[in-house]
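Now for the letters of each chain:
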Amino acid sequence: MEKAVNEGARREVRDEAGAVWTGRWVAERLGVELAGDERLTELLGLALRRNPKRAHLLVSNVLGKHVPQSPSVVYGHGVALGRRVRDLLGADEAREAVVLGYAETATGLGHSVADGLGPAPYLHSTRRPVAGLTPAGGFEESHSHATSHLLLPEDPALLRGDGPLVLVDDEFSTGNTVLNTVRDLHERYPRRRYVVVALVDMRSAADAGRLEEFAREIGARVDLVTAASGTVRLPEGVLEKGQELVARYEAEGAPPARPVAHTPPSGARGTARPAPTGPPADDDRTRPHVTRVDLHWPHGLPDGGRHGFTPAHRTRLEAALPGMAARIAGALPEGARRVHVLGFEELMYAPLRLAEALERATGTEVRYSTTTRSPVLAVDDPGYAIRTRLAFPAHDDPADGPGERYAYNVAGAGFDAVVAVVDSAADTPRLHAPDGLLAQLAAHTPRVLLAVVPSYAPRTPHAPERPSMLPEPLRGPAFSSYAPEEVGWLLQDLSDVTLEAPTEEREEAIQSGGAHYAESLPVEYQPSEQYQELFHAALETSAARIAQAVGVVTETVLAERSPRPVLVSLARAGTPVGILMRRWAQHRHGLDLPHYAVSIVRGRGIDANALRWLAAHHDPRDVVFVDGWTGKGAITRELAQALTEFEKSDGITGFDPEVAVLADPGSCVRTYGTREDFLIPSACLNSTVSGLISRTVLRADLVGPHDFHGAKFYRELAGTDVSVAFLDAVTARFPEVADAACALAKDLLAADRTPTWEGWAAVERICEEYGIHDVNLVKPGVGETTRVMLRRVPWKVLARAGAGSDLDHVRLLAEQRGVPVEEVAELPYTCVGLIHPKYTRGATGADGKAVTV
């Protein structure tokens, strides 16, 4: 039976449930008709698009793109189509089939069809290019506002087989997109059979004939599988009339969106108005409150079909879905009844399956849709398919440049929580900006959750070759004075290379830009007898304090990060702390935790080969990076940036950039033992308290692309080594501080530990006050100030008024080097060391002591 819907036919069109048909508004005003199956108005609504090529938009109610829908309904439609394809092909051909979906709208639908078909690999087109990866095909979508599609399978053989190719799109309107695809692929990878799958077939009789002619032309069979069919009848001048209507409604402007609506938008029938489009005008929040949900996405599992998704991938995903859904459910607000899972452009399938798993696992009403590039007019009328629109800037650095993106029918829908699911390439500052997607969502729901799926990066043929096996970690006593089980050094031994240079010579080269600080080593400071006495006195005074901080940070890591973490110290200041944390876990919990030390270099990043070794031997999600203390937070930022770049280059995800530190006086991290700035005796010395290992070295003539960064083992300093004595002195205090440390950790876990970056702000103030052009010349905190005195050319020391014995060793070093110590009334740190800001060797005395400028 054919049904036609327009203004002259049925003005009060309602679907089978009695609701007004969501295409009525457009049908009445433009005379657009849908003619065909009875199911058409159940499956489709109508809206107006801002597009010079086509006025109307067929809005699917079961696709999960523009209209929030039950994920089981969305997934069920795709799977049902896939089973029909399987029945059409028969078991033998179905086993040889490959499924291809279209970006961005049908990526999830195509993947669902592949699931219904059975053991079929899946690929979808993409608008996100990959440097060095040659497209296996491409085509244009003539009616779309963004036309370039790429086919980028990681394995080019995916498209080379002779089995059927199943092409899946949401609608089959003219057939041009499918013809363009088949024409391009058939020239490269000819095959005997194609199956076209769509939710609705809306071709005209003439277009239907074109597909049959094309099939004869290429000598292949082309079948068609759809859920419903019909045609769209457009009156003369509909494009111009539609554009005028869009312009008029957009010119009227939109009222501020309701901050949080608990019922759907209520525009009265026949009294349409422009829909809400953004956050309230009086919303003065600078950042939305967002709860991150760690999905524990399986390592190495693709986030979708952008580069291919195999049956083996499907098996891994199915096994992981219940656990991931449980983590989302655990983060939902208590009593949440309506939850929306919002996917992201091409990332449709992963959010859909998460939403479906959440729906099955809970009694919650779950709805699913995704953001989109498509600009569509929103009108708050029950007879119009797009009731509300949220507009926000693109947040994945798209190849075609910045632009607006949209989420439809989410605002004002009464959701108790919205779970935004994006890939890691889209987890950028723009996502979190005041006008970004998360802020827009926060204006319309009490709770916003963010789940980030690691972006899968295929290995390109032009990627640099890597050795099949990196060397095993160096261990004592061959390298370092630590016991072999205490730490494995992911470094190469450069002990036989002369790398030391006079401090003043290094400083001049570094500040002039002639060398990087990691290309050489300072001459190791040999402590005087008086200085060594200060170290031992400080250790006796502070050992219990340090032990308590070790306990607090270790208990925090075990409770919050992983029950069996892999400790990875940032060499070398982090190494003693990592060993102490390992000892605490053994003392308190009987755990034998793996512990490694790796190199990170400011301005150069973390050792990527060390990360590759760790990923090959451990789950990156279990890795906890450890450092001694924070100054202004430069290394914290360096690590986060380096891990982001590593994900893009290697496609290895899961490493958490959050550093665990003993002391966080700069308020730069969430995981710490204390935020007090006190003397940690290991900061008083260089290698003689760090296993006799030097600072790490990164120099092109010594460290190749397949090498770990380097360091030296100063065996000759064994007579003054106190590395193990320091560890033992602190470990001996574990029993007496255990209860207090555990209680403090429990309090911290319940507290707000959001970094304030107070230290960075203080450094900027100091730079301005003292005329220092480079923040890297300001070293805040007792530990960093000590490093300045031992390794660099100091200018002066700023000491907080009233600082006591924590600064005895700094005052002694300052006296030895002729460095003035100024007391400052308001300072968030106990002290701050200033490196000479205009250093040349002529700016110091002949004895190397600093002079004022």
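Scroll up to find the structure this text is about.
What counts, and at which threshold
- Residues numbered from 1 in each chain as written.
- Predicted model: local features only at pLDDT ≥ 70, side-chain atom pairs only at ≥ 80, totals over all residues.
- Heavy atoms only, no water.
- Helix = DSSP H or I, 4+ residues; strand = E, 2+ residues; numbered from the N terminus.
- Buried < 20%, exposed > 50% of the residue type's maximum accessible area, 1.4 Å probe, protein only.
- Contact = heavy atoms within 4.5 Å.
- Areas by Shrake-Rupley, 256 points an atom, 1.4 Å probe, with all protein chains shown as cover.
- Polar contact = N/O pair within 3.5 Å; in protein donor to acceptor, adjacent residues only side chain to side chain.
- Salt bridge = Lys/Arg side-chain N within 4 Å of Asp/Glu carboxyl O.
- Phe/Tyr/Trp six-rings, centres within 6.5 Å; stacked < 30°, edge-to-face > 60°.
- Lys NZ or Arg CZ within 6 Å of the ring centre and 35° of its normal.
- Pairing = 2+ DSSP bridges.
- Axes fitted to C-alpha atoms, helices over the stretch in contact; angles between N-to-C directions.
- Parallel < 35°, antiparallel > 145°, perpendicular 65-115°, else oblique.
- Left-handed = near helix turned anticlockwise from the far one by under 90°.
- Nonpolar A, V, L, I, M, F, W, Y, C, P; charged D, E, K, R; others polar.
- Right-handed = clockwise from strand over helix to strand, strands pointing away.

Draft legend 1. Examining the overall build of the protein more closely. From N to C terminus, the protein includes 21 helices and 33 strands. Out of the 853 residues in the protein, the part that is buried amounts to 60%. Long-range contacts, defined here as pairs at least 24 residues apart, represent 77% of the contacts in the protein between residues at least 6 apart. Total accessible area on the protein stands at roughly 32700 Å², and carbon and sulfur atoms take up 50% of it.

Draft legend 2. Up close: the side chain of Asp 380. Relative to the assigned elements, Asp 380 resides in the loop between β14 (365-370) and β15 (389-393). Within polar-contact distance, the side chain of Asp 380 engages the side chain of Arg 387 at 3.1 Å.

Draft legend 3. Structural detail: the pattern of salt bridges. Under the definition given, this model contains 42 salt bridges. Across the pair Arg 306 and Asp 303 runs a salt bridge, and its minimum N-O distance is 3.5 Å. In this structure, Arg 306 and Asp 303 share a single accessibility class: buried. In the salt-bridge network here, residues are joined through shared partners; they are Asp 115, Arg 314, Glu 318, Arg 353, Glu 356 and Arg 360.

Draft legend 4. Up close: the packing of aromatic side chains. In total, this model carries eleven aromatic pairs according to the counting rule given. By way of ring pairs, the aromatic residues Phe 479, Tyr 482, Trp 489 and Phe 713 are connected into one cluster. Directly above the ring of Trp 757 sits Arg 637, whose terminal nitrogen or CZ lies 4.4 Å from the centroid. Note that Lys 796 overlies the ring of Trp 795, its terminal NZ or CZ placed 4.4 Å from the centroid.

Draft legend 5. The sheet that holds strand β31 (residues 794-800), seen in detail. Read from one edge to the other, the open sheet built from four strands follows the order β30-β33-β31-β32, with strand pairing classed as mixed. Both outer strands of the open sheet, β30 (778-780) and β32 (821-824), are each paired with one neighbouring strand and no more. For this sheet, the mean inter-axis angle between neighbouring strands, taken without regard to orientation, is 20°. Bridge count for β31 against β32 is four bridges, and the pairing is parallel. Of the residues in β32, the one forming a bridge with Ala 799 is Glu 823.

Draft legend 6. Geometry of the sheet that holds strand β13 (residues 338-343). Within the open sheet, the five strands sit side by side as β12-β18-β17-β13-β14. Their pairing is parallel. What marks the edges here is a single partner per strand, and that holds for β12 (290-293) and β14. Between one strand axis and the next, the sheet turns by 25° as a mean value, whatever way the strands run. Relative to strand β18 (residues 448-453), strand β17 (residues 417-423) runs parallel, the two being bridged by six bridges. Paired with Val 418 across the bridge in β18 is Val 448. On top of the sheet, helix α8 (residues 311-331) reaches β12, β17 and β18; it is set at about 155° to β12, its chief contact.

Draft legend 7. Structural context of helix α21 (residues 808-817). Within α21, burial applies to His 809, Val 810, Leu 812, Leu 813, Ala 814 and Arg 817. With its phi angle positive at about 70°, Gly 818 sits one or two positions after the end of α21.

Draft legend 8. Highlighting the side chain of Asp 115. Mapped onto the elements, Asp 115 comes out in helix α4 (residues 107-117). On the basis of relative accessible area, Asp 115 is assigned to the buried category, the value being 15%. A polar contact of 2.4 Å, which involves the side chain of Asp 115, links it to the side chain of Tyr 349. Setting aside residues up to four positions removed in sequence, Asp 115 forms contacts with Tyr 75, Val 79, Arg 314, Tyr 349 and Arg 353.

Draft legend 9. Representation of the packing of helix α3 (residues 71-95) against α4 within the structure. At their nearest, the axes of α3 and α4 sit 6 Å apart, and the two run at 45° to each other. In terms of orientation, α3 lies oblique with respect to α4. Along this stretch, α3 crosses α4, giving a crossing that reads as right-handed. Seen from α3, the contacting residues are Tyr 75, Gly 78, Val 79, Leu 81, Gly 82, Arg 83, Val 85, Arg 86, Leu 89 and Ala 94; seen from α4, they are Leu 109, Ser 112, Val 113, Asp 115, Gly 116 and Leu 117. Along the lines of polarity and charge, the residues of the contact of α3 with α4 split into nine nonpolar, four polar and three charged.

Draft legend 10. Summary view of the environment of Glu 171. Following the sequence through the fold, Glu 171 ends up in strand β9 (residues 165-172). A relative accessible area of 11% means that Glu 171 is categorised as buried. Each C-alpha atom of the pair Glu 171 and Leu 199 lies 5.8 Å from the other, and the pair is 28 residues apart in sequence. The residues contacting Glu 171, other than those within four sequence positions of it, are Arg 54, Leu 58, Ala 198 and Val 200.

Draft legend 11. Just the pairing of strand β26 (residues 623-629), in detail. Counted residue by residue, β26 has seven buried out of seven residues, so it is predominantly covered. Pairing of β26 with strand β27 (residues 659-663), which is carried by four bridges, proceeds in the parallel orientation. In the strand pairing of β27, Phe 625 is matched with Val 659. A crossover connection joins β26 to the parallel β27 through helix α16 (residues 634-650); in handedness this β-α-β unit is right-handed.

All we've got here are geometric facts, nothing functional implied.
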